[in-house]
Amino acid sequence: MRRFQGSGLRVYAVLYLAFLYAPIALLPIFAFNNATVIAFPLQGFTTEWFGQMVQNAALRQALLNSLIIAVSASVLATCLGIFAARASTRFRFPGRGPIMGLIMLPLVLPEIIVAMSLLVVLLAAGLSLSILTVILGHTLICMPYAIAILSTAFSSLDRSLEEAAYDLGETKWSAFRLVILPLVMPGIISALLMSFTISLDEFIIAFFLAGNQPTLPTYIFSQLRFPKSIPMIMALGTVLVVMSIALVTLAEYFRRRGVARTGQTDSGGFL
Amino acid sequence: MAAGNSTEAGQGLRLIAPPLLYAILLLAVPLLTILAFSFFKDGYLTIVREFTVENYVATWTDPIFRTILLRSLWVAGLVTLFTVALSFPVAYFLSFVVASERKAMWIFLITIPFWTSYLIRVFLWKVILGYNGVINSGLKSVGLIEQPLQFLLYNTGSIVLTLSHSYAPFAILPIYVALEKIDRALLEAGRDLGESRLMTFWRVTLPLAMPGVVAAVLIVFIPTIGDYVTPTVIGGGKIPMVANMIQAQMLDIDNKPLGSAIAISSMAVVAALSMVFLWLNRRFLRVRA
């Protein structure tokens, strides 16, 4: 009976996974399909769309912008996240709940609200829209994810390790650098990779704050109107999805290494 | 170092200062600014800093706003219902059936689609549901239909489908975490006291899982109501939701005070609904060990 119930649920869970993956599975199928429309039956194999993608100068510029933004935002978000994660896991201080609530708020706030309110303030402050303003926005929304990952890493630290370092004559900073930092390093790498992935894929904030400088997602959005460029977008989408999956897998690898290094049992997953 | 600064509270506050300052400058100040804007008057290309409530009057007497807000609530409500109801069995499966050493792998598999480009996932649904799309061409090529089905795209149903697909992991994870916290001995106790499996689920498992369900509902409902991409791409611009209306007022029409009032009004409605929902579920959310 128990077995039977489990297998019913398993079938359901597998179907659910299939539903989650079905749209993504179409990307490579049509990226290699030798036809200008995305429709069945398939017309044969081609790499023409990938060729178009590589030769597209506007796309290269968008990719470069996206990479600059993603690297800057992930480094900034992770650095700020280290402060917040260390403070919230190690110290009690007045206003801790509300302060962390404000910092984590972008996780639940609709992005349109973040984008519009930022836009109004940045324009009022006299900044012109560019990839710099996108970096500011992406840092804000990546920070909560970085903190979520880093908090797990910091909270698993044994405080006596740090105290032992003080007893052995290390200063606060050298103890942090020599003892804590190596232990949380997998968490930091994981946070960097996740922030990078989020920034690379983010559309709304880039759409409203980039001015006329395209990022990969805003470039894709601008091309959706032209049926002619859809096959190339399928190729680009394939590359992006493969990159995202590779980055997230790498991030998960480092997160698990961090969990193993501090000697916990794995409770699994981000969030 | 001064003695007062080396207290635990002092150290904590100094550490939290950089991220806090960042969040204040780029989140709190902008939110307060649109709150202030919503009470200002709109001059042509400028903002007149005089207090007025006319933006709110204009917002709430506008039948278009009411229609769009109701539509957004309806769509977000349906998406929440589908996502949470369909996710619960998956979370239950993860927590109660999957062997503990394979749980991390399952969670990883479920979260991966969430980390791939949101825009591309939305666009893929358009490709799937379109007039000459994957479903229509597929059905035609196997001879099931003669003419493409037209009801697939550009309607509320397709928006709900796309959003439900996007937010599925958001619903699974909080429910899974709540289920994981349940002491398995309680379930055995239920069975030992003569309850059937179904009754044990209804009277023990479900009430204990409710904090996760409540979190899942809020975490799906709040972002979906403000979604911009799906109504734009899947609705074809003909079925706007509040995000599209806010964007139009703020940028296309360039009436920032009215746009701000619409944004604040929508957020207030969402916050109020969330409060009512939390209050209705208060008996499940009491702290327990």
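Structure report, in brief. (Residues numbered from 1 in each chain as written. Chains lettered and ligands numbered in written order. Predicted model: local features only at pLDDT ≥ 70, side-chain atom pairs only at ≥ 80, totals over all residues. Heavy atoms only, no water.)

Attention now moves to the overall build of chain B. Per the secondary structure count, chain B includes 13 helices and two strands. Taking 289 residues into account, the globule formula puts the C-alpha radius of gyration at 19 Å, and chain B, at 24 Å, lies well above it. Counting over 289 residues, chain B shows a buried share of 54%. Long-range contacts, defined here as pairs at least 24 residues apart, represent 68% of the contacts in chain B between residues at least 6 apart. Accessible surface, chain B: about 13,400 Å² in total, of which carbon and sulfur atoms supply 68%. When the 21 positive and 15 negative side-chain charges of chain B are each reduced to one mean point, those points stand 4 Å apart. (Helix = DSSP H or I, 4+ residues; strand = E, 2+ residues; numbered from the N terminus. Rg over C-alpha atoms; globule rule 2.2 N^0.38 Å. Buried < 20%, exposed > 50% of the residue type's maximum accessible area, 1.4 Å probe, protein only. Contact = heavy atoms within 4.5 Å. Areas by Shrake-Rupley, 256 points an atom, 1.4 Å probe, with all protein chains shown as cover. Lys, Arg positive; Asp, Glu negative; His and termini not counted. Charge placed at Lys NZ, Arg CZ, Asp CG, Glu CD.)

Looking only at helices and strands, chain A has 11 helices and zero strands in total. Across chain A, helices and strands are ordered from the amino to the carboxyl terminus as α-α-α-α-α-α-α-α-α-α-α. Taken across its 271 residues, chain A has 54% of its residues classed as buried. In chain A, 71% of the contacts between residues at least 6 apart in sequence involve partners at least 24 apart. Summing over all exposed atoms, chain A offers an accessible surface of approximately 11,900 Å²; the carbon and sulfur share of this is 68%. Of the side chains in chain A, 17 bear a positive and 11 a negative charge, and the two mean positions are spaced by 4 Å.

This paragraph deals with empty space enclosed by the protein. One simple way to see leftover space: roll a probe sized like a water molecule over the atoms. Tallying each qualifying case throughout the model produces four cavities of 30 Å³ or more. Quantified by volume, the largest cavity comes out at close to 610 Å³. Taken together, 29 residues make up the lining of the largest cavity; nearest its centre are A:Glu111, A:Tyr145, B:Phe114, B:Tyr118 and B:Tyr167. Only helix H5 (111–124), helix H6 (131–155) and helix H8 (172–201) of chain A together with helix H4 (100–115), helix H5 (118–129), helix H7 (156–181) and helix H9 (197–225) of chain B provide two or more residues apiece to the lining of the largest cavity. Taken together, the residues of the lining of the largest cavity sort by class into 19 nonpolar, five polar and five charged. (1 Å grid on protein atoms, 1.4 Å probe; cavity = no way out; pocket = protein on both sides within 12 Å on 5 of 7 lines; lining within 4 Å. Points joined across faces, edges and corners; volume = space filled by probe spheres on them. Nonpolar A, V, L, I, M, F, W, Y, C, P; charged D, E, K, R; others polar.)

A few words on the interface of chain A and chain B. Counting residues at the interface gives 86 residues for chain A, matched by 81 residues for chain B. Interface area for chain A against chain B, summed over the two sides, is near 7,600 Å², with a carbon-plus-sulfur share of 82%. The largest per-residue losses of area from chain A upon contact with chain B belong to A:Tyr16, A:Leu20 and A:Val120, which jointly make up 7% of the total buried on that side. For the pair chain A and chain B, the number of links is zero salt bridges. It is helix H1 (residues 2–31) of chain A that provides the largest number of residues to the side of chain A that touches chain B, a total of 18 residues. In terms of residue class, the side of chain A that touches chain B is made up of 65 nonpolar, 11 polar and 10 charged. (Buried area = accessible area lost by both parts, 1.4 Å probe. Salt bridge = Lys/Arg side-chain N within 4 Å of Asp/Glu carboxyl O.)

With that settled, the discussion passes to the side chain of B:Ser260. Residues and elements named next belong to chain B. Here Ser-260 shows up in helix H12 (residues 256–280). In terms of polar contacts, Ser-260 uses its side chain to reach the backbone carbonyl oxygen of Lys-256, at 2.7 Å. When neighbours within four sequence positions are excluded, Ser-260 is seen to be in contact with Ile-34, Phe-37, Ser-38 and Met-250. (Polar contact = N/O pair within 3.5 Å; in protein donor to acceptor, adjacent residues only side chain to side chain.)

Evaluated as defined, the whole model comprises 23 aromatic pairs over all chains. For the pair B:Trp60 and B:Phe65, a centre-to-centre distance of 5.1 Å together with 85° between the ring planes defines the contact as edge-to-face. Assessed through its relative accessible area of 36%, B:Trp60 is described here as partly exposed. On the basis of relative accessible area, B:Phe65 is assigned to the buried category, the value being 0%. The structure contains a cluster of three or more aromatic residues connected by ring pairs, namely A:Phe203, A:Phe207, A:Phe208, A:Phe221 and B:Tyr228. Stacked on the ring of B:Tyr154, the Lys or Arg B:Lys238 has its end atom at 4.5 Å from the ring centre. Sitting over the face of the ring of B:Trp279, B:Arg282 holds its NZ or CZ atom 4.1 Å from the ring centroid. (Phe/Tyr/Trp six-rings, centres within 6.5 Å; stacked < 30°, edge-to-face > 60°. Lys NZ or Arg CZ within 6 Å of the ring centre and 35° of its normal.)

Within the structure shown, the criterion is met by zero disulfides over all chains. Here A:Cys79 is not cross-linked by a disulfide; its sulfur's nearest cysteine counterpart is in A:Cys142, at 13 Å. (Disulfide = S-S within 2.5 Å.)

All names here are of chain B. Under the counting rule described, the total for this entry stands at seven salt bridges over all chains. A salt bridge links Arg-203 to Glu-195; the nearest nitrogen and oxygen atoms lie 3.4 Å apart. Among the residues examined, Arg-203 registers a relative accessible area of 54% and is labelled exposed. Take Glu-195: its relative accessible area is 23%, and that puts it in the partly exposed class. Close ionic contact of Lys-256 with Asp-254 constitutes a salt bridge, the shortest N to O distance being 2.9 Å. The exposure class assigned to Lys-256 is buried, which follows from its relative accessible area of 15%. On the accessibility criterion, Asp-254 (27% relative accessible area) is partly exposed.

Time to look at the nonpolar core. In terms of nonpolar packing, the biggest core is built from 184 residues, with A:Ile103, A:Phe154, A:Met234 and B:Leu179 touching the most fellow members. No other element matches the 16 residues that helix H3 (residues 63–97) of chain B contributes to this core. With residues near it in sequence (within four places) discarded, A:Met234 still touches A:Leu26, A:Leu27, A:Phe30, A:Ala31, A:Ile38, B:Phe123 and B:Leu124. (Core = buried A, V, L, I, M, F, W, Y, C linked by side-chain atoms within 4.5 Å.)

Turning our attention to a nonpolar patch on the surface. Residues and elements named next belong to chain B. A cluster of nonpolar side chains, namely Leu-21, Ile-24, Leu-25 and Val-29, defines an oily patch on the protein surface of about 330 Å² accessible area. Among the structural elements, Leu-21 can be located in helix H1 (residues 8–37). Taking the relative accessible area as the measure of exposure, Leu-21 reaches 52% and is therefore exposed. (Patch = residues over 30% accessible without salt bridge, like charges linked within 9 Å, V, L, I, M, F, W, Y side chains within 5 Å.)

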